[in-house]
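Architecture at a glance
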Amino acid sequence: MPSPIHCTSSQLDLLKRPRRNRRTEATRALVQETHVSVDDLIQPLFVVDGEGPVESVQSMPGVMRYPIPALLNRCNEIIELGIRAVALFPNFGPGCKDEVGSHALVPDQLLLRAVRAVKEAFPDLLVITDVALDPYTSHGHDGVLSADGRSVDNDASVEKLAQLAVLEAEAGADWVAPSDMMDGRVLAIRRALDEAGYTETAILSYAAKFASSFYGPFREAVGSLQAAGTAHLDKRTYQMNSANPREALRDALLDEEEGADLLMVKPAGPYLDILYQLRQQTRLPVAAYQVSGEYAQIHAAAQMGWLDLKKTRDETLLSIKRAGADTILTYFAADWAADAIART
Ligand code: PBG
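Below or above, wherever it landed, is the structure these notes cover. (Residues numbered from 1 in each chain as written. Predicted model: local features only at pLDDT ≥ 70, side-chain atom pairs only at ≥ 80, totals over all residues. Heavy atoms only, no water.)

1. Quick look at the overall build of the protein chain
Scanning the protein chain for helices and strands turns up 12 helices and 10 strands. Computed over C-alpha atoms, the radius of gyration of the protein chain comes to 22 Å, within 12% of the 20 Å expected from 2.2 N^0.38 for 344 residues, which places it in the range of a compact globule. Overall size of the protein chain, expressed as C-alpha extent along the three principal axes, is 90 × 45 × 40 Å. Across the 344 residues of the protein chain, 51% fall into the buried class. Total accessible area on the protein chain stands at roughly 16,800 Å², and carbon and sulfur atoms take up 52% of it. Both charge centroids of the protein chain, one from 34 positive and one from 47 negative side chains, sit 10 Å from each other. (Helix = DSSP H or I, 4+ residues; strand = E, 2+ residues; numbered from the N terminus. Rg over C-alpha atoms; globule rule 2.2 N^0.38 Å. Buried < 20%, exposed > 50% of the residue type's maximum accessible area, 1.4 Å probe, protein only. Areas by Shrake-Rupley, 256 points an atom, 1.4 Å probe, with all protein chains shown as cover. Lys, Arg positive; Asp, Glu negative; His and termini not counted. Charge placed at Lys NZ, Arg CZ, Asp CG, Glu CD.)

2. Details of the packing of aromatic side chains
Applying the stated criterion across every chain, the model contains 11 aromatic pairs. With a centroid separation of 6.0 Å and an interplanar angle of 40 degrees, the aromatic rings of tyrosine 289 and tyrosine 331 are classed as tilted. One end of the pair, tyrosine 289, is in strand β9 (residues 286-290); the other, tyrosine 331, is in the loop between β10 (327-330) and α12 (333-343), with 42 residues separating them in the sequence. For tyrosine 289, a relative accessible area of 1% corresponds to the buried category. (Phe/Tyr/Trp six-rings, centres within 6.5 Å; stacked < 30°, edge-to-face > 60°.)

3. Digging into a nonpolar patch on the surface
Residues Met304, Trp306 and Leu307 make up a contiguous nonpolar surface patch of about 380 Å² in total accessible area. Looking at where leucine 307 falls in the secondary structure, it is placed in the loop between α10 (292-303) and α11 (309-323). The exposure class of leucine 307 is partly exposed, given its relative accessible area of 40%. (Patch = residues over 30% accessible without salt bridge, like charges linked within 9 Å, V, L, I, M, F, W, Y side chains within 5 Å. Salt bridge = Lys/Arg side-chain N within 4 Å of Asp/Glu carboxyl O.)

4. Describing the packing of helix α3 (residues 110-121) against helix α4 (residues 154-171)
Interaxial distance between α3 and α4 falls to 8 Å at its minimum, and their mutual angle equals 25 degrees. Taken as axis vectors, α3 and α4 run roughly parallel relative to one another. Classified by chirality, the crossing of α4 by α3 is right-handed. Contacts between α3 and α4 involve Leu111, Leu112, Val115 and Arg116 on the former and, on the latter, Leu167, Glu168 and Ala171. (Axes fitted to C-alpha atoms, helices over the stretch in contact; angles between N-to-C directions. Parallel < 35°, antiparallel > 145°, perpendicular 65-115°, else oblique. Left-handed = near helix turned anticlockwise from the far one by under 90°. Contact = heavy atoms within 4.5 Å.)

5. So, the site of the ligand
Near the ligand lie 17 residues; those nearest to it are Ser179, Arg219, Lys266, Ser292 and Tyr331. Note that a nitrogen atom of the ligand is positioned 2.7 Å from one of the side-chain N or O atoms of serine 179. In the environment of the ligand, an oxygen atom lies 2.6 Å from a nitrogen or oxygen atom belonging to the side chain of tyrosine 331. Within the complex, 100% of the 410 Å² of free accessible area of the ligand lies under protein. Partitioned by chemical class, the residues of the shell around the ligand number 7 nonpolar, 3 polar and 7 charged. (Near = heavy atom within 4 Å. Polar contact = N/O pair within 3.5 Å; in protein donor to acceptor, adjacent residues only side chain to side chain. Nonpolar A, V, L, I, M, F, W, Y, C, P; charged D, E, K, R; others polar.)

6. Brief notes about the nonpolar core
Counting 80 residues, the largest nonpolar core has Leu71, Leu88 and Leu275 as the members making the most contacts within it. Looking at this core element by element, the count peaks at 9 residues for α4. Ignoring sequence-local partners within four residues, the contact set of leucine 71 consists of Leu45, Val47, Tyr66, Leu88, Ala114 and Val118. In this structure, Val63, Trp175, Phe218 and Ala287 belong to the second largest nonpolar core, which totals 28 residues. (Core = buried A, V, L, I, M, F, W, Y, C linked by side-chain atoms within 4.5 Å.)

These results come straight from atomic positions and should not be treated as a statement about function.
Laid out in structure tokens, this is it:
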């Protein structure tokens, strides 16, 4: 009698074979659970003053600092790639920096001019601005220092940040993004925006921002590292401790209570657990910032021939999405979008 089960001697008696769902390109596409779309991506861009040439950021291959005319060209390219949002970061020379970041509140300072120019040229492009004092302070901290100079004075900083947010809204920013990590700044910014009539301006709060070594290349890009005159700018009295997920979630959820419209986790890749947990605990959209160091390390390894640039890039973005990000700030946005178009 032949056996009713047609099996060779080496065939396992398995009812469930998960590999069936991974067998062909078509199967894999049909069962794919997570997708990255150009609608998820926000392109950060660095801006410099003057009419000079575009400058490259040494530690971030392919990333530039754009004078305003070149910034407009770049925004045009970005829009053509289907990207809907940019986050602008200004780089100021030492002449614009002082102890208290006075230049932040100068009405025609570079960032505000850049926002105006971009919104005038491209009204539908969503523009996000950072609310923090680090581009404007000589010490590179995100706020003003306390009397003993050892820490950042929370309440004095919040007052200035709220004023900066109003100037940014006035210039046309769609979302203001406090990245300073002071207590109570979201509430103060919301009240200041509303009082000034900017009820439509949204707050993308850097809700869980960790004191991270992954910001190094960004600090080169905006010049806050040189400003500090040290190799390591210590922001641990306000940015979060990488070891503390409960503290991070508590602080992030306070931003929701204070009126934030979106909550952000930063960096992204090394903090996917925080992103995942925050996604479970809030009904607000959640953003993730794949920061400069995450970008730089992939490029560096690719330059060495140790990693495949595009595959590694795509895997990191997919992982950030899978962990729960609704939107991702990434320096890879335009490159990713260009490759997505080339694939179709
Ligand atoms: C500063 C700010 C930082 C980043 C965004 N806003 C750096 C810092 O806190 O020193 C980092 C972004 C990146 O590394 O890509 N307010």
